[in-house]
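Remarks on the overall topology
Chain residues, written in single-letter form:
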Amino acid sequence: MTSLQDMPQVQDCAVSSCSYNAEHNCHAGAITVGGDHAHCGTFVEISFRGGLDRNGMVGACHRADCVHNDKLECHAPGVRVGPGTDAADCLTYEAR
């Protein structure tokens, strides 16, 4: 299991409508990436902002076909989230 220090950071989030987004920074504790197009499963669009006072990390990746995935853990140096197929996708996703 990856320790908190080893989890990749969300370096940029271009999804300004997400309630965890503050000035292109993700403030979720940890995001989950999954679905059929590497969707950010932590994306939430509600009427208020929330999260922590630090940048979010990638807690889990369900895209086993990504080159950065090892045993459902992301090993990219960092990830970017933004519009792709959906409003909030992992733009760092790369098929094997």
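To keep things clear, this report deals only with the structure shown in the data block. Being a predicted model, the structure only gives us computed values, none of them experimental. (Residues numbered from 1 in each chain as written. Predicted model: local features only at pLDDT ≥ 70, side-chain atom pairs only at ≥ 80, totals over all residues. Heavy atoms only, no water.)

Turning our attention to the environment of His68. With respect to the helices, strands and loops of the structure, His68 is situated in the loop between β6 (57–61) and β7 (69–70). As for His68 and Ala95, which are separated by 27 residues in sequence, their C-alpha atoms are 8.8 Å apart. Sequence-distant contacts of His68, defined by excluding residues within four places in its chain, comprise Glu73, Cys74, His75, Ala76, Thr92 and Glu94. (Helix = DSSP H or I, 4+ residues; strand = E, 2+ residues; numbered from the N terminus. Contact = heavy atoms within 4.5 Å.)

Right, let's get into the nonpolar core. Grouped together as the largest cluster of nonpolar side chains are 18 residues, with contacts concentrated most on Val10, Ile31, Val79 and Val81. Residue contacts for Val81: discarding those within four places in its chain leaves Val10, Asp12, Cys13, Ala14, Val15, Ile31, Cys40, Ala88, Asp89 and Leu91. (Core = buried A, V, L, I, M, F, W, Y, C linked by side-chain atoms within 4.5 Å. Buried < 20%, exposed > 50% of the residue type's maximum accessible area, 1.4 Å probe, protein only.)

Attention now goes to the pattern of salt bridges. Within the structure shown, the criterion is met by one salt bridge. In this structure, the salt-bridge partner of Arg63 is Asp65, at a minimum N-O distance of 2.7 Å. Arg63 gets classed as buried once you look at its relative accessible area, which sits at 10%. The partly exposed category is assigned to Asp65, whose relative accessible area is 31%. (Salt bridge = Lys/Arg side-chain N within 4 Å of Asp/Glu carboxyl O.)

Turning next to the pairing of strand β9 (residues 78–82). With four of its five residues buried, β9 lies for the most part within the structure. Note that strand β1 (residues 9–13) and β9 share four bridges and pair parallel. Opposite Asp12, over in β9, you have Arg80 as the bridge partner. Bridge count between β9 and strand β10 (residues 89–90): two bridges; the pairing is antiparallel. If you follow Val81 over to β10, its bridge partner there is Cys90. Hairpin connection between β9 and β10: a loop of six residues separates the two successive antiparallel strands. (Pairing = 2+ DSSP bridges.)

A few words now on the side chain of Thr92. Examined against the element boundaries, Thr92 turns out to sit in the segment after β10. On the accessibility criterion, Thr92 (18% relative accessible area) is buried. Among the polar contacts listed, one links the side chain of Thr92 to the backbone nitrogen of Arg80, at a separation of 2.9 Å. Here Thr92 is in contact with His68, Ala76, Gly78, Val79 and Arg80, once residues within four sequence places are set aside. (Polar contact = N/O pair within 3.5 Å; in protein donor to acceptor, adjacent residues only side chain to side chain.)

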